[in-house]
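# Structural description and commentary
One letter stands for each residue in the lines below.
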There are 2 protein chains.
Amino acid sequence: MADDKVARRARGGTGRTRLAEVAQLAQVSTATVSRVFNTPTKVSAEVQARVREAAAALHWIPNAAGRALASRRSHIAGVIIPTLDNEIFARQVSGMQAIFAENGFTLLIGCSNYDPAEGLAQVQAMLAQGIEVLAMVGENYPPQTFDLLRQRSLPYVLTYGYRHDSPHPCIGFDNRAAFRQLADYVLSLGHRRIAAIFQPMDANDRVAARLDGLRDGLAAAGVTLRAADLHIGPSNMDFGAESLRRIMAGKTRPTAIICGNDNLALGAVGAALDLGIAIPHDLSITGFDDLAIVSRIAPRLTTMRVDNLEIGRLAGEMLIGAAGGRGMLHSIELRADLCMRATTSPPRSAARAPAAARDSDNANDHQARNQQPHAGIRPQRVQHDLQEDKKQRRTP
Amino acid sequence: MADDKVARRARGGTGRTRLAEVAQLAQVSTATVSRVFNTPTKVSAEVQARVREAAAALHWIPNAAGRALASRRSHIAGVIIPTLDNEIFARQVSGMQAIFAENGFTLLIGCSNYDPAEGLAQVQAMLAQGIEVLAMVGENYPPQTFDLLRQRSLPYVLTYGYRHDSPHPCIGFDNRAAFRQLADYVLSLGHRRIAAIFQPMDANDRVAARLDGLRDGLAAAGVTLRAADLHIGPSNMDFGAESLRRIMAGKTRPTAIICGNDNLALGAVGAALDLGIAIPHDLSITGFDDLAIVSRIAPRLTTMRVDNLEIGRLAGEMLIGAAGGRGMLHSIELRADLCMRATTSPPRSAARAPAAARDSDNANDHQARNQQPHAGIRPQRVQHDLQEDKKQRRTP
DNA sequence: TAAAAGCACGTAACCGCTTACATTTCAAGT
DNA sequence: ACTTGAAATGTAAGCGGTTACGTGCTTTTA
């Protein structure tokens, strides 16, 4: 009776061919089939051939859920990025995916849209999916997020940013140091009145670090960033353009503008040109990221570059190691390279600039090297991209 | 004896808290816990509260593998794109992910790197993961791919391209018609010697369709595309630039160049400017895609726009419907809108051009309207972006 | 040459959850 | 008062694999 009912129960199933069917066709046990695909050395050649043939004949594709359940390994990795709508994150994901794919891992991608809470939600969803390891851009997530990870002792690594005093393993560059470098460079050109256009820094540790770095540099040179010269808003070209117009509408204009990233810089450059402001003669502008486009359009943007593909790869490799039990999680610092191009030069008032910039007429005069020099010839690329083509590499 | 051994067996498990533990703490059966989270209406309020409390206390996150196995539903969707390194695909994925997330689906992203075989491999991996539905860009996949899908009657939709005679449901625009439109536009400006720079079309149906559309248009006007004027190569700015130099090195230069996409066009424009060729006066250039950047930098590129975010959303919605058993898969054609901007104008030889272009000196002279005009005022946007701001919409 | 040690493969107990069916309870219908 | 049925909960059989153990057999080892 009871047996009847059980037998009558709809034979659930997904309809997909199962390992058991392969086993039946190959006349072996299910265990053997499993071994053929997981530990082939444990199965004789003949049997193996028979099983593979059967599997192929039935178009069998193993069911990942069943496998994950039984083996307690999902072979799924996760990565949380702010948005796919950004070349630099997309590139990181590309690098990571390549590594994970090579190692039989599926990569789950989650976008936080720059919202910490959404980031946490994504992490939870991924934990449900059974990710074995996780990479996350930045460290702006609710503390609870890291508790969850620690609780499950799930290997994770933060990417893009690097802070020597971070409590988490991270792979990236030091935002603060990078902007300090940028500030030093601009100051070395002789600029003393400098404005800044940045993306919002709530929920974005990286941006805050950048601004800190900028301030470090300015402070060291005795220059202050006036409140009126700091514009913070959406990270897009429109805001860059709008901010530039606002900045240049003031009574005393800065001679240089440091932007939080390339998009803002691109917008600012465009707006400046529209206003008839000569770049870099009347105004120097810098970006950050070295988006593919910025070195290919005029005026070629001075910016800083980080090898995001490499960040992705390194993160992938480290996490694969951690998932396998081999390898330890640790931090890796990458260099951010300054790409001096055609949107920076000494200010017109360079004659009155400090010693460093006065020593030699040309020493820091990128303008002379980059823009149409009176001599008519333009040898700028050679000099100009001096740093530009150096490969980025891990800091020793 | 045997019992002893069984009992002694290592208590496997992942270490994660399980539903059973929640049930125990809440003093209910596992079935009830499951119901609380899946069919809450079937559980009384008090019990529900007790269960939720227990789950929260234990930080329980359901195991997706177990759930998938038991329910025969993975709640996983897949999407295959050529590469993440492209704004248009990234945007499609964004749109799709938003919809899927809203519906409790996890989106798996796979990149084929423009390689059909790799695309098939990705599909197989996704089938293993148990995707319930699939979106794929383009239709360039080994036939076997579609067999697999049909075999499992897995709902899928192709995106980006649309062909009324396609055997698959697809959501996108008609590449051929779009390039026909582009060709007609360029011809209407009076151009008769036209060159083309395209990405490779092996393994890329979309590109072939584009070239067909271009040829359709030219043929209708009695113009032929000479072999020497068709340059095919990697879809990047470098190749665009290189091709332009090659084209302009010929004895008789074309007056217009139609590029397969914005990247190629961007490269061509840059190279032309470097050569001192006036755009669009000496040479008109068109792109395709309307990347975010191309309307923000000078000279603003004439191109065509497709709403990729919408494509993603529509695909997501349709597939969600299909996964739920509701809703049918069908094709949707979107418009591709021509964005006439500053890189196209009648050729210098317009005096000898057909009536349409001769009527007014300025009618189609984008150059005059967009670049610094002598008059000082620049009313071009109004006229110029006439079509540019129209929202793209589904073809009725 | 007998005992120990591999090998190759089969058996069956899970993995964590869902869900068909069984059971209990209680208000409504007759 | 008794049947009926809906509502709430429990019981336990899988879902499709993996893998610890067990079972014959063929090689070493002593």
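Our subject is the structure listed above.
This write-up is about the structure you can find in this document.

Reading the values: rules and limits
Residues numbered from 1 in each chain as written. Chains lettered and ligands numbered in written order. Predicted model: local features only at pLDDT ≥ 70, side-chain atom pairs only at ≥ 80, totals over all residues. Heavy atoms only, no water. Salt bridge = Lys/Arg side-chain N within 4 Å of Asp/Glu carboxyl O. Helix = DSSP H or I, 4+ residues; strand = E, 2+ residues; numbered from the N terminus. Buried < 20%, exposed > 50% of the residue type's maximum accessible area, 1.4 Å probe, protein only. Least-squares fit on C-alpha atoms with pLDDT ≥ 70 in both. Contact = heavy atoms within 4.5 Å. Pairing = 2+ DSSP bridges. Phe/Tyr/Trp six-rings, centres within 6.5 Å; stacked < 30°, edge-to-face > 60°. Lys NZ or Arg CZ within 6 Å of the ring centre and 35° of its normal. Axes fitted to C-alpha atoms, helices over the stretch in contact; angles between N-to-C directions. Parallel < 35°, antiparallel > 145°, perpendicular 65-115°, else oblique. Left-handed = near helix turned anticlockwise from the far one by under 90°. Nonpolar A, V, L, I, M, F, W, Y, C, P; charged D, E, K, R; others polar.

Under the counting rule described, the total for this entry stands at 34 salt bridges over all chains. Ionic pairing is found between Arg176(A) and Asp216(A), a salt bridge with its closest N-O pair at 2.7 Å. Pair noted here: Arg176(A) is in helix 9 (residues 175-188) and Asp216(A) is in helix 10 (residues 205-220), with a separation of 40 residues, a long-range link. As a salt-bridge pair, Glu310(B) and Arg313(B) come within 3.0 Å of each other at their nearest N and O atoms. With a gap of 3 residues between them, Glu310(B) and Arg313(B) both fall in helix 13 (residues 308-323), about one helical turn apart. Residue Glu310(B) is classed as buried on the basis of its relative accessible area of 19%.

In this section: the relation of the copies chain A and chain B. Here chain A sits on chain B after a turn of 180° about the axis and a move of 0.0 Å along it, with an RMSD of 0.0 Å. Such a combination of turn and shift is consistent with a two-fold rotation axis. When C-alpha distances to the rotation axis are compared across chain A, the minimum falls at Ala65(A), with a value of 2.2 Å. When the interface residues of chain A are mapped onto chain B, 93% of them again lie at the interface, so the same face is used by both copies.

Next up on the list: the side chain of Thr159(B). Residue and element names in this part refer to chain B. For Thr159, the location among the structural elements is in strand 4 (residues 156-161). Its relative accessible area of 1% is what places Thr159 among the buried residues. Residues in contact with Thr159, not counting those within four places in the same chain, are Gln92, Met96, Ala135, Met136, Val137, Gly138, Ile171, Ile311 and Ala315.

All names here are of chain B. Judged by how many residues are buried, strand 2 (residues 106-111) sits mostly within the fold: 6 of 6 residues are covered. Of the two faces of strand 2, the one lined by Thr106, Leu108 and Gly110 and the one lined by Leu107, Ile109 and Cys111 are each fully buried. Across 6 bridges, strand 1 (residues 76-81) lies against strand 2 in parallel orientation. Bridge pairing links Ala77 to Leu107 in strand 2.

Glancing now at the packing of aromatic side chains. As enumerated under the stated definition, the model contains 18 aromatic pairs over all chains in all. Geometrically, the ring pair formed by Phe100(A) and Phe105(A) is tilted, given 6.0 Å between the ring centres and 40° between the ring planes. With respect to class, Phe100(A) is no different from Phe105(A); both count as buried. Aromatic pair Phe89(B) and Tyr160(B): ring centres 5.8 Å apart, planes at 75°, arrangement edge-to-face. On the criterion of sequence distance, the pair formed by Phe89(B) in helix 6 (residues 87-102) and Tyr160(B) in strand 4 is long-range, its members being 71 residues apart. Through pairs of rings, three or more aromatic residues link up here, namely Phe89(A), Tyr160(A), Phe173(A), Phe179(A), Phe198(A) and Phe288(A). The cationic tip of Arg52(A) hangs over the ring face of Phe37(A); the distance from NZ or CZ to the ring centre is 5.3 Å. Directly above the ring of Phe288(A) sits Arg210(A), whose terminal nitrogen or CZ lies 4.5 Å from the centroid.

Attention now goes to the sheet that holds strand 6 (residues 194-198) of chain B. Residues and elements named next belong to chain B. What the 4 strands build is an open sheet, ordered 7-6-8-9; its pairing is parallel. Looking at which strands have only one partner, the edges of the open sheet turn out to be strand 7 (230-232) and strand 9 (284-286). Each neighbouring strand pair of the sheet contributes to a mean axis angle of 15°, computed without reference to strand direction. Bridging between strand 6 and strand 8 (residues 256-259) involves 4 bridges; their strand directions are parallel. Bridging from a neighbouring strand, Ile197 pairs with Cys259 of strand 8. Helix 9 (residues 175-188) rests against strand 6, strand 8 and strand 9 of the sheet, and its axis sits at about 170° to strand 8. Helix 12 (residues 262-274) contacts strand 6, strand 8 and strand 9 of the sheet and is inclined by roughly 155° relative to strand 9.

What follows deals with the packing of helix 5 (residues 64-71) of chain A against helix 5 (residues 64-71) of chain B. Taken N-terminus to C-terminus, the directions of helix 5 of chain A and helix 5 of chain B make an angle of 130°; their axes are 8 Å apart at the nearest point. Relative to helix 5 of chain B, the element helix 5 of chain A is oriented oblique. The element helix 5 of chain A and its partner helix 5 of chain B pack so that their crossing is left-handed. Mapping the contact onto sequence places Ala65(A), Gly66(A), Ala68(A) and Leu69(A) in helix 5 of chain A and Ala65(B), Gly66(B), Ala68(B) and Leu69(B) in helix 5 of chain B. Partitioned by chemical class, the residues of the contact of helix 5 of chain A with helix 5 of chain B number 6 nonpolar, 2 polar and no charged.

The quantities given are spatial measurements derived from coordinates; they are silent on function.
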